[in-house]
Amino acid sequence: MDFSKLKVVKVEKRDGVTTVALNRPEKRNAMSPQLHYEMVDVLKELGEDEETRVLVLTGAGDSWCAGQDIKLFFRDLDDKPKERHRARLANHEWRWTLLSAFPKPTIAMVNGYCFGGAFVQLFACDFAIAADEAQFGLSEVNWGILPGGLVGKVIVDGLSYRDAVWYAMTGEPFDGKKAAEIKLVNKSVPRDQLEDATMELARSLCKKNPQTLRTIKESLRLVRGMSVDQAADYLLAKEREMRFMDTESGRAEAMKQFLDDKSYRPGMGEYRRDDS
Ligand code: COA
């Protein structure tokens, strides 16, 4: 795929880390139908791309994403049911189907505004790091609508119920520090440190066994909806699948290093013989 032909998405690859930026900074990266279509193509391509070990999702300029484009996604499509249906499918496909099941680790690097519909892709990412200065908000209530299009679901699943209801019903904006406090993101850092903090995490993930990461991610997402018995059975089956899929024999090698060579402690790193 020729990424240079994209109009509203930017893709940059560096040392195993691929950064995908929603690229409509003049509209605060609000999501238009075209953006949805391009993102479907981009995520399908990168899922199987050998140069991509970790995906970072961010926004061009000083915004992460200001939600759906109120004009292009809503008002302009109100009288065009076919187009609206097509745009809705693409919107759901990239933000949930493709992104939450992306076969590699994903990091939301929240550099600025994050409103409404943007919460879906925020929760679909495995990790999230925000700038302290980023502004978040479930502003739907101020538009006279509900947090639909999956937003209402991801916030009750991902936040405490109290916080989800508070922010959905008040529409109160909050910053990156608050987002970290309520665990909407893993952490927040000053804006000028955001890229370094994100790349540090991305590089550490690049060093891990990709098949193991993929299976951990799939498993943790899926067991959330299972009973204890179902989860136990599913995790056992996954463990067996991993041994079959892992061409690097990571499990056997780790056991050898720990038990025979005494060269590596999975919990702590390399042995230092003077450890007391
Ligand atoms: N849909 C369509 N256009 C949007 C948009 C959205 N969700 N968010 C921003 N824009 C457009 C503005 O209309 C404006 O366009 P213009 O230059 O043609 O007038 C441009 O982006 C810049 O927006 P502006 O409001 O001037 O920038 P700001 O930096 O002062 O404020 C926001 C940024 C994001 C706080 C503000 O634009 C906003 O509240 N947007 C709506 C966010 C929202 O509620 N999203 C959820 C929808 S359910």
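For the structure, see preceding data.
Values in this document were obtained by computation on a predicted structure and should not be read as measured data.

What counts, and where the lines are drawn
- Here the residue numbering is sequential within each chain, running from 1 through the sequence in written order.
- Since the coordinates come from a predicted model, pLDDT governs what is reported: local features require at least 70, and pairs of side-chain atoms require 80 or more to be given and counted, while whole-chain, interface and lining totals use all residues.
- Hydrogens and water molecules were not included; the side-chain quantities draw on all heavy atoms of the structure.
- At least two bridges found by DSSP between two strands are what make those strands a pair.
- Starting at the N terminus, helices and strands are each numbered in turn, a helix being any DSSP run of H or I of at least four residues and a strand any DSSP run of E of at least two.
- For every element, the axis is a line fit to its C-alpha atoms; helices are fit only across the contacting stretch, and the angle between N-to-C directions ranges from 0 to 180 degrees.
- Grouping into patches uses exposed residues only, defined as over 30% relative accessible area, and leaves out salt-bridged ones; the cut-off is 9 Å for like charges and 5 Å for nonpolar side chains (Val, Leu, Ile, Met, Phe, Trp, Tyr).
- Exposure was quantified through the Shrake-Rupley algorithm and a 1.4 Å probe, taking into account, for residues, occlusion by the shown protein chains and nothing else.
- Whenever Lys or Arg places a side-chain nitrogen within 4 Å of a carboxyl oxygen from Asp or Glu, that contact is recorded as a salt bridge.
- This count recognises Lys and Arg as positive and Asp and Glu as negative, with His and chain-terminal groups excluded.
- To locate a charge, the coordinates of NZ of Lys, CZ of Arg, CG of Asp or CD of Glu are taken.
- The classification of residues rests on relative accessible area computed with a 1.4 Å probe and restricted to protein chains. Under 20% of the type maximum is buried, over 50% is exposed, and intermediate values are partly exposed.
- A pocket, in this scheme, is an open set of points on a 1 Å grid over the protein atoms alone with protein on both sides within 12 Å along at least 5 of 7 lines, while a cavity is a set where a 1.4 Å probe fits but cannot get out; residues line either one if an atom lies within 4 Å of a point.
- Grid points are joined across faces, edges and corners, and a volume is the space filled by probe spheres set on the points.
- Classification used: nonpolar for Ala, Val, Leu, Ile, Met, Phe, Trp, Tyr, Cys and Pro, charged for Asp, Glu, Lys and Arg, polar for all others including Gly.
- An automatic or database domain assignment supplies the start and end points of every domain.
- When the centres of two rings from Phe, Tyr and Trp lie within 6.5 Å, Trp using its six-membered ring, the rings pair. Their planes under 30 degrees apart give stacked, over 60 give edge-to-face, and anything left gives tilted.
- Only when the NZ of Lys or the CZ of Arg is both within 6 Å of the ring centre and within 35 degrees of the ring normal is a charge said to sit over the ring.

Draft legend 1. A look at the sheet that holds strand E5 (residues 106-110). Across the sheet, which stays open at both edges, the six strands sit in the order E1-E2-E3-E5-E7-E10 with mixed pairing between neighbours. Two strands in the sheet have a free side with no partner beyond their single neighbour: strand E1 (9-14) and strand E10 (187-189). For this sheet the average axis-to-axis angle between neighbouring strands, irrespective of direction, equals 20 degrees. Across six bridges, strand E2 (residues 17-22) lies against strand E3 (residues 54-59) in parallel orientation. Along E3, the bridge assignment pairs Leu22 with Gly59.

Draft legend 2. Region of interest: a negative patch on the surface. A grouping of Glu133, Asp192, Asp196 and Glu200 is seen on the molecular surface, where their side chains present a negatively charged patch. With respect to the element layout, Asp192 can be found in the loop between E10 and helix H9 (194-206). The class of Asp192 is exposed, set by a relative accessible area of 66%.

Draft legend 3. Highlighting the layout of surface pockets. One number sums up the size of the largest pocket: a volume of about 960 Å³. Phe123, Cys125, Asp126, Arg221 and Arg224 are, among the 33 residues lining the largest pocket, the residues nearest its centre. Every element with two or more residues in the lining of the largest pocket is listed here: helix H3 (81-100), helix H4 (118-124), strand E7 (127-131), helix H6 (151-158) and helix H10 (210-223). The element best represented in the lining of the largest pocket is H10, accounting for eight residues. For the lining of the largest pocket, the per-class residue count stands at 19 nonpolar, four polar and 10 charged. Two domains share the lining of the largest pocket, each providing at least three of its residues, namely domain 1 (3-206) and domain 2 (210-260).

Draft legend 4. Looking closely at the packing of aromatic side chains. Within the structure shown, the criterion is met by five aromatic pairs. When the ring of Phe136 is compared with that of Phe174, the centres are 5.5 Å apart and the planes differ by 5 degrees; the resulting orientation is stacked. Here the residue Phe136 occupies a position in strand E8 (residues 135-137), and Phe174 occupies one in strand E9 (residues 174-175), the gap between them amounting to 38 residues. Per residue, the accessibility class of Phe136 equals that of Phe174, and both read buried. Grouping aromatic residues by their ring pairs yields a cluster made of Phe119, Phe136, Tyr167 and Phe174. One residue, Arg86, lies across the ring of Tyr37, its end atom 4.2 Å from the ring centre.

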